[in-house]
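Below, each chain spelled out in residue letters.
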Amino acid sequence: MKLSLTKVVNGCRLGKIKNLGKTGDRTMDVPGCLLYTKTGSAPHLTPHTLHNIHKVPAMAQLTLSSLAEHHEVLAEYKEGVGKFIGMPESLLYCSLHDPVSPCPAGYVTNKALQRSTIIGVIEGGDVMEERLRSARETAKRPVGGFLLDGFQGDPMTLETRLHLLSSVTAELPEDKPRLICSVSRPDEVLECIERGVDLFESFFPYQVTERGCALTFSFDYQPNPEETLLQQNGTQEEIKYVHQTKKIKTTGCNQEMTSFEINLKEKKYQGDFEPLVRGCSCYCCQNHTRAYIHHLLVTNELLAGVLLMMHNFEHYFGFFHSIREALKNDRLAQLKELIRRQAS
Amino acid sequence: MAAAASPSSMESAPRIMRLVAECSRSRARAGELRLPHGPVATPVFMPVGTQATMKGITAEQLDALGCRICLGNTYHLGLRPGPELIQKAHGLHGFMNWPHNLLTDSGGFQMVSLVSLSEVTEEGVRFRSPYDGEETLLSPERSVEIQNALGSDIIMQLDDVVSSTVTGPRVEEAMFRSIRWLDRCIAAHRRPDQQNLFAIIQGGLDAHLRATCLEEMTKRDVPGFAIGGLSGGESKNQFWRMVALSTARLPRDKPRYLMGVGYATDLVVCVALGCDMFDCVFPTRTARFGSALVPTGNLQLKKKQYEKDFRPIDPECACPTCQTHSRAFLHVLLHSDNTAALHHLTVHNIAYQLQLMSAVRASIVEKRFPDFVRHFMGTMYGDPTLCPTWATEALASVGITLA
């Protein structure tokens, strides 16, 4: 595995991780994200519905916490976890924890990992000295890349930790990818990219789905003027409404709704026959309306989760695509401003 | 044994069914329904998508499985989201974006399933909503009005439904009332050119009442007939006799829809008895409990015995689940909180039902239906002679012997 950078602009890295996969011929774009899975499957989605989504990342994230108890089965299966979960062609990254429901520390496995690249984890809490020590020492080891751990928390905590993050990435070799865990919100993603992070987990769209919401934030930093006006009018309304931050209790995701999304359970969507996001190319927006999603949520139908997950993943992967495009065209500042305006 | 002679229908009734083949022994038929949203091969199993959704699977997935007709429910959709909204969405087809056919039940069955929340009078059924306590009256006119707004290709009359375990004068009352309600539905139907109104034969488990109902209802000018009031708690022995009685007296050239069936064995037997259309929540519901349907019965995939079973659910099955996943993986996924597990099984179980019907149809067309039945029973029960007694008797009554 090797990271080759095309461009570095104000600390933001654009490039490709090469020589991935069993035959070493796969690549992955950075900045990028990993497909979030639960127990080896995208949440709510079968390969068929996953395949409906455009620009699905080349690499999926598995969580050891969901698969560790099945290691005997996997050992007997002999053909690898990729084939077992029905993703034989996918690149796989295995994290210790599930970012949505992290387990307490203490997971240890001694199983040998053949033909896998080891990622070194940078720890150190909020102590600069420890962070630097962790970075320097880990950088000396023959790891394929680095995981920046412990930067998660509420948006305010991240602010203070961003400073630490810059110092940490400064100590790391340029030609190895830097992954950060537990940071997935669009605004936070951009902050981290500016401080030398390459890869992210995509659990944020899953959390949005679980609270019955759909991502609607714009990442179109060069829209045509008429579209902007239309979008702005829509966004203004939504920002105003969401100003009272709502705590929506859902299974395992007791998170607040953000201003990047709309809540389809709200009565105002009952008769709204627009797609979730006008112009979105996802299966849900191409085939269904807000009114239909509202109905599915109100009646507790399983299809709500399926359709919302399809939209939210597509929207999120589209966001990452726009980050790469913006970097390529030296427009990241515009994109950052656009996202900043939409953050609550 | 030749198929029992059936009465000819009224000249003016629309013929939506074309018979393609008939079994020379039993009453089994293969045909094609010509419906506004396309042709449907029969015998057909119709999956149930009660609230404008086939549970966790998308319209595209359902289409890819070969489904060309599925069910919606008037009672549920009438409450949420309501007929006005659905009409604004260009009907139920537009609302759920389903390009093929839809059949809506009238809400009659809810009289049984929600019996504690309902009260039946000559006027209609008064329901108390479980959501807000509000009372609604579902009359024949109101049911047809809602179904006209939904725009389904086949609509069902509102019938007075009693549980098949009920005996006494209530059964007779319900049967005669169903005839009167049929006439009211016919009168109220605003879109006979776009929507096919089916009658529903009632009469419980009483042969005499059934016969009376059949005689009266077949005088009415409807495109198709359903056999209702069965598939409840009655014994299979009584069940098949009522089905056979009904098919003997229903017109040959109109579709026979047996409501609420069901299990694979029941489907095969009732095709032999002359039924063309079926619906049941069983395959999709049992999927959500982790049960996968197979030619030998079912696999309870949550059980430990599947932990290291790396075979697909059914190696002969062409569905996406069986093409990609093993029982072992599904076992793991079913024990997680990822709903994808349920969707995998829903896809498979619908595929199982549709593939079964396809196989049945092919055997009728190729004039080998009795052999198909014997092979089916052999696979399901280990030996044709181990087939349940009621099924053996039902098949024997139409000339198919299993031994």
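The rules we used
Residues numbered from 1 in each chain as written. Chains lettered and ligands numbered in written order. Predicted model: local features only at pLDDT ≥ 70, side-chain atom pairs only at ≥ 80, totals over all residues. Heavy atoms only, no water. Helix = DSSP H or I, 4+ residues; strand = E, 2+ residues; numbered from the N terminus. Buried < 20%, exposed > 50% of the residue type's maximum accessible area, 1.4 Å probe, protein only. Contact = heavy atoms within 4.5 Å. Areas by Shrake-Rupley, 256 points an atom, 1.4 Å probe, with all protein chains shown as cover. Axes fitted to C-alpha atoms, helices over the stretch in contact; angles between N-to-C directions. Parallel < 35°, antiparallel > 145°, perpendicular 65-115°, else oblique. Left-handed = near helix turned anticlockwise from the far one by under 90°. Nonpolar A, V, L, I, M, F, W, Y, C, P; charged D, E, K, R; others polar. Pairing = 2+ DSSP bridges. 1 Å grid on protein atoms, 1.4 Å probe; cavity = no way out; pocket = protein on both sides within 12 Å on 5 of 7 lines; lining within 4 Å. Points joined across faces, edges and corners; volume = space filled by probe spheres on them. UniProt positions renumbered as here; feature names shortened; annotations may be inferred.

Structural notes on the overall build of chain A
Counting its secondary structure elements, chain A contains 13 helices and 12 strands. Buried residues in chain A amount to 53% of all 344 residues. In chain A, once contacts between residues fewer than 6 apart in sequence are set aside, the share between residues at least 24 apart is 67%. Surface exposure of chain A reaches about 15,800 Å², of which carbon and sulfur atoms provide 51%.

Structural notes on the packing of helix 10 (residues 264-272) of chain B against helix 16 (residues 389-397) of chain B
All names here are of chain B. The interhelical angle for the contact between helix 10 and helix 16, taken along N-to-C directions, is 20 degrees, at an axis separation of 9 Å. Taken as axis vectors, helix 10 and helix 16 run roughly parallel relative to one another. In the packing of helix 10 onto helix 16, the handedness of the crossing is left-handed. Here Thr-265, Asp-266, Val-269 and Ala-272 of helix 10 come into contact with helix 16, specifically with Trp-390, Ala-391, Ala-394 and Leu-395. Classifying every residue of the contact of helix 10 with helix 16 by side-chain character gives 6 nonpolar, 1 polar and 1 charged.

As for the sheet that holds strand 7 (residues 118-120) of chain B
Residues and elements named next belong to chain B. Strand order in the open sheet formed by 3 strands is 7-8-9, with antiparallel pairing between adjacent strands. Of all the strands in the sheet, just strand 7 and strand 9 (135-138) have a single pairing partner and so form its edges. Neighbour-to-neighbour, the strand axes of the sheet open up by a mean angle of 20 degrees, direction not taken into account. Here 3 bridges tie strand 7 to strand 8 (residues 125-128), and the two strands are oriented antiparallel to one another. Looking across to strand 8, one finds that Ser-118 is bridged to Phe-127.

Quick look at the sheet that holds strand 2 (residues 29-35) of chain B
Residue and element names in this part refer to chain B. With respect to topology, 3 strands assemble into an open sheet ordered 1-2-3, the strand pairing being antiparallel. Whereas interior strands pair on both sides, the edge strands pair on one side only; in this sheet they are strand 1 (17-22) and strand 3 (38-42). For this sheet, the mean angle separating the axes of adjacent strands, direction not counted, is 15 degrees. For strand 2 and strand 3, the ladder comprises 5 bridges, and the chain directions are antiparallel. Residue pairing across strands places Arg-34 opposite Pro-39, the latter belonging to strand 3. The sheet strands contacting helix 14 (residues 340-365) are strand 1, strand 2 and strand 3, and the helix crosses strand 2 at an angle near 115 degrees.

Details of empty space enclosed by the protein
One pass over the structure, following the stated rule, counts 6 cavities of 30 Å³ or more. The space that makes up the largest cavity amounts to roughly 70 Å³. Around the largest cavity sit A:His288, A:Tyr292, A:Leu303, B:Thr53, B:Met54, B:Ile57, B:Thr58, B:Ala59, B:Leu62, B:Met96 and B:Trp98, which together line it. Split by residue class, the lining of the largest cavity holds 8 nonpolar, 3 polar and no charged.

Points about the UniProt feature "binding site: substrate" (unreviewed entry) in chain B
All names here are of chain B. Per the UniProt entry, the sites bearing "binding site: substrate" (unreviewed entry) are Asp-105, Ser-106, Gly-107, Gly-108, Phe-109, Asp-159, Gln-202 and Gly-229 in this numbering. Within this annotated set, the second largest pocket is lined by Asp-105, Ser-106, Gly-108, Phe-109, Asp-159, Gln-202 and Gly-229. Locating Phe-109 in the fold gives a position in the loop between strand 6 (101-105) and helix 5 (110-113). Accessibility expressed as a relative area gives 44% for Phe-109, which makes it partly exposed. Considering the arrangement of structural elements, one finds Gln-202 in the loop between strand 11 (196-201) and helix 8 (207-217).

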